[in-house]
Amino acid sequence: MTHSRRDFLQYSAILSAAAVTTPLAGFAGFSQQKKLGIALVGLGSYATNQLGPALLQTQHIELRGIVTGTPSKIPNWVDKYRIPEKNIYNYENFDRIADNKDIDAVYIVLPNSMHAEFTIRAAKAGKHVICEKPMAVNVREGQQMIDACRKAGKQLAIGYRLHYDPFHMEMMRLSREKVFGQVKLVEASDGFRAGDPNQWRLKHALSGGGPLMDVGIYAIQGARYTVGLEPVSVTAQEFPKTDPVKFKDVEESLSWQLQFPNGAIANSFTTYIAGVNRLYAAAEKGWFEVNNAFGYGGQQGRTSSGPMPFQHINQQAAHMDGVAKAILENRPNNVPGEEGLRDMKVIEAIYASAAAGGKSVKIG
């Protein structure tokens, strides 16, 4: 990766100072820097509670536009972020964003089934794209998104904020540098209790699947970047549904085992009925882990030699700044569409294995 531990500690200190004084954009030395303008496409919970506030702390990108299908949400965003009327769009007139010089990039924060459509439309409009995970509902759509952005000469980044989090960067480093020898086993699981039975995540037509598509993808990511290799095969099992009415459209719980070419194994579990949130690696001469691993904050990192000495950062701000800096410097970002496509290939293999009663399925 392109970020060092020192980078993260310095960035953490800056964000901590900004949190108790003023948004980072107002700091001397930052205000004159060129910033990208971004529009959030979809104003749901994640955009409202995480991305919007994070964009008050970024130094390379700032919020300049919104796209929503709910007009009643507009006044609050205008009041809080001073969005001009000319930078407000809905899903029907979204393509007019091509003529808006204020907006360089868009962040797609819509239900999964809409990711491909709006990524492709954004690319055709000449905008860079950050797309929330999972990048699509299948491999075919993911490839179409990559192709559209490549054809337009625009970057596609996936919302993998943890690639910019110091605890997860340390998991990658410890594995890559073989600090405790070669990683032999990874345990990576993520799940929570899904409340509202009418939410879009429980409707297959919108989500493309259940907890695997939602939070299980974090476990896949964690296993892949902790081992540092791509898995070659998987076996998976879907558990019987304890609430077949609520989860009639999607799986309720899944477990799977990834096999890597160096012999490493990753055991994972995802669910919508219980809380689990852990990333653990056992190596030849020790272990390392992050608890509350995949949350928006509050990570606790430890190794067999002691705790991980990192401060918490705003993951969303670090992620969007990292992508923006790559665009401004005309270099690839750390979380490209190809990274999202690798996860989609694993997800398709997991579903195929579960449907086949746990038969081993090759990936890719």
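The following paragraphs examine the structure supplied in this document. Quick caveat: nothing in here was measured; it's all calculated off a predicted structure.

By size, the foremost hydrophobic cluster in this structure holds 104 residues, and its most contacted members are Val106 and Trp256. Residue contributions to this core peak at 10 residues, all from helix α8 (residues 211–227). By size, the runner-up hydrophobic cluster in this structure holds 5 residues, among which are Leu202, Phe247, Val250 and Tyr272.

Turning our eyes to something else, we now look at the pattern of salt bridges. As enumerated under the stated definition, the model contains 20 salt bridges in all. Salt-bridge contacts for Glu338 lead to Arg150; the nearest nitrogen and oxygen are separated by 3.1 Å. Taken together, the residues Glu338 in helix α10 (residues 337–355) and Arg150 in helix α5 (residues 139–152) connect sequence positions 188 residues apart. Where Arg173 meets Glu177, a salt bridge forms, and the shortest distance between an N and an O atom there is 2.9 Å.

The subject of this paragraph is α10. Given a rise of 1.5 Å per residue, 19 residues ought to cover 27 Å, and the 27 Å separating the end C-alpha atoms of α10 matches this to within 8%. Of the positions making up α10, those classed as buried are Gly337, Glu339, Gly340, Leu341, Asp343, Met344, Val346, Ile347, Ala349, Ile350, Ser353 and Ala354. Directly beyond the C-terminal end of α10, a positive phi value near 75° is found at Gly357.

Next up on the list: the environment of Leu202. If you trace the backbone, Leu202 turns up in the loop between β7 (183–193) and α7 (204–207). Among the residues examined, Leu202 registers a relative accessible area of 3% and is labelled buried. Those residues in contact with Leu202 that lie beyond four places of it in its chain are Ala194, Asp196, Pro197, Lys246, Phe247, Asp249, Val250 and Tyr272.

Spatially, β14-β13-β12-β11-β7-β10-β9-β8-β15 is the arrangement adopted by the 9 strands of the open sheet, whose pairing is mixed. With one partner strand each, in any of the chains shown, β14 (306–307) and β15 (361–362) form the two edges of the open sheet. Against the sheet, α8 engages β7, β9 (253–259), β10 (265–271), β11 (273–283) and β12 (286–291), with an angle of about 160° to β7. Contacting β8 (233–238), β9 and β15, α10 crosses the sheet at an angle of about 55° to β8.

Moving on, we come to empty space enclosed by the protein. In this approach a probe as big as a water molecule rolls over the atoms, and the regions it shows empty are the leftover space. Inspection of the entire model under this criterion finds 1 cavity of 30 Å³ or more. When its volume is computed, the largest cavity comes out at roughly 40 Å³. Gly159, Tyr160, Arg161, Leu162, His163, Tyr218, Gln221 and Tyr225 are the residues that line the largest cavity. Residue classes in the lining of the largest cavity are distributed as 4 nonpolar, 3 polar and 1 charged.

For the pair α5 and α10, the least separation of the axes is 9 Å and the interaxial angle reads 170°. On the basis of the axis angle, α5 is roughly antiparallel to α10. Taken together, the residues of α10 that come into contact with α5 (itself represented by Val139, Gly142, Gln143, Ile146 and Arg150) are Gly337, Glu338, Leu341, Met344, Lys345 and Glu348. Tallied by class, the residues present in the contact of α5 with α10 amount to 4 nonpolar, 3 polar and 4 charged.

Criteria and thresholds
- Residue indices follow the written sequence of each chain, beginning from 1 at its first position.
- Totals for whole chains, interfaces and linings use every residue, but because this is a predicted model, local features are given only for residues with pLDDT of at least 70 and side-chain atom pairs only at 80 or more, for both listing and counting.
- Side-chain metrics rest on all non-hydrogen atoms present in the structure, leaving aside hydrogens and water.
- For this analysis, a nonpolar core means a set of buried residues of the types Ala, Val, Leu, Ile, Met, Phe, Trp, Tyr and Cys, connected via side-chain atoms within 4.5 Å.
- Relative accessibility thresholds used throughout: buried, under 20% of the residue-type maximum; exposed, over 50%; partly exposed, between the two (1.4 Å probe, protein chains only).
- Secondary structure elements follow DSSP: runs of H or I of four or more residues count as helices, runs of E of two or more count as strands, with numbering from the N terminus.
- A carboxyl oxygen of Asp or Glu within 4 Å of a side-chain nitrogen of Lys or Arg is what we treat as a salt bridge.
- Expected span of a helix, by definition, is 1.5 Å for each gap between consecutive residues, and there is one gap fewer than residues.
- Contacts are assigned to residue pairs with any non-hydrogen atoms lying within 4.5 Å of each other.
- At least two DSSP bridges between two strands are needed for those strands to be called paired.
- Axes, fitted as lines to C-alpha atoms, cover a helix only where it is in contact. Angles between the N-to-C directions of the axes lie from 0 to 180 degrees.
- Only protein atoms enter the 1 Å grid used here. Points where a 1.4 Å probe fits but cannot escape make up a cavity, open sets with protein on both sides within 12 Å along at least five of seven lines make up a pocket, and a residue lines them when an atom lies within 4 Å of a point.
- Grid points are joined across faces, edges and corners, and a volume is the space filled by probe spheres set on the points.
- All residues other than Ala, Val, Leu, Ile, Met, Phe, Trp, Tyr, Cys, Pro, Asp, Glu, Lys and Arg, Gly among them, are scored as polar; the first ten of these are nonpolar and the last four charged.
- Throughout, the term roughly parallel applies to angles under 35 degrees, roughly antiparallel to angles over 145, roughly perpendicular to angles from 65 to 115, and oblique to all others.

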